[in-house]
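# Analysis of the macromolecular model
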Amino acid sequence: MVSTSETSLRLRRMRPADTDVVLDIWLNASLTAHDFISEDFWYQQREAMRSAYLPMAEVWVAEREGLIEGFYALHDHTLAAIFVSPNKQGQGVGSQLLMHAKQQKTVIDLTVYQKNKVSYAFYQRHGFVVDREQTDPHTGEREWRMVYQS
């Protein structure tokens, strides 16, 4: 468990009881950040997130005063997800989550849609560099694969 006294934000492993809140954060943040992809796509992915993606990853949540504000999911060396509740974005939650993830692995890779310029810039600020360009097979959108190495 990680705690930061100056913000009272606490990072801890996700519990089964957190699943619905984590899925709500994922869905709402996905709809906000990826307005270039059909909303139907995100709603259709919700059950796969619940039954497949979250269970196979190491998931940490950021919690303040009993409320989960964001989470990240690591699968091996891949940052499979990092999402912050839209009403908590821009307050350092994502940075704290990402710094914690970087403490878990010496090398982390991720993919980010090229049209998601805010997230792309966020990852650059945190030391990730583009390794290659590719197409997401699920959406057909172009994306960057980025890598961080400590």
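Our structure is the block above this text.
Right, let's walk through the structure included here. The model shown is predicted, which means the values in this text are computed figures rather than measured ones.

Reading the values: rules and limits
- Residues numbered from 1 in each chain as written.
- Predicted model: local features only at pLDDT ≥ 70, side-chain atom pairs only at ≥ 80, totals over all residues.
- Heavy atoms only, no water.
- Buried < 20%, exposed > 50% of the residue type's maximum accessible area, 1.4 Å probe, protein only.
- Helix = DSSP H or I, 4+ residues; strand = E, 2+ residues; numbered from the N terminus.
- Pairing = 2+ DSSP bridges.
- Salt bridge = Lys/Arg side-chain N within 4 Å of Asp/Glu carboxyl O.

Moving on: the pairing of strand S4 (residues 67-75). The side chains of a regular strand alternate, first on one face of the sheet and then on the other. Burial of S4 is extensive: 7 of the 9 residues sit out of reach of the surface. Relative to S4, strand S3 (residues 58-64) runs antiparallel, the two sharing 7 bridges. Its bridge partner being in S4, valine 61 is matched across the sheet by phenylalanine 71. With antiparallel pairing between neighbouring strands as the criterion, S3 and S4 make up a hairpin whose turn holds 2 residues, including glutamate 65 at a positive phi of roughly 50°. By the bridge criterion, 6 bridges tie S4 to strand S5 (residues 78-84) in an arrangement that is antiparallel. Of the residues in S5, the one forming a bridge with tyrosine 72 is isoleucine 82.

According to the stated counting rule, one finds 14 salt bridges in the structure shown. The partner of arginine 10 in a salt bridge is glutamate 63, and the shortest N-O contact between them spans 2.3 Å. In this pair, arginine 10 is assigned in strand S2 (residues 9-13) and glutamate 63 in strand S3, connecting sequence segments 53 residues apart. Across the salt bridge formed by aspartate 18 and arginine 12, the nearest N and O atoms sit 2.7 Å from each other. Since its relative accessible area comes to 3%, arginine 12 is described here as buried. One network of salt bridges, with partners in common, ties together Arg10, Arg12, Asp18 and Glu63.

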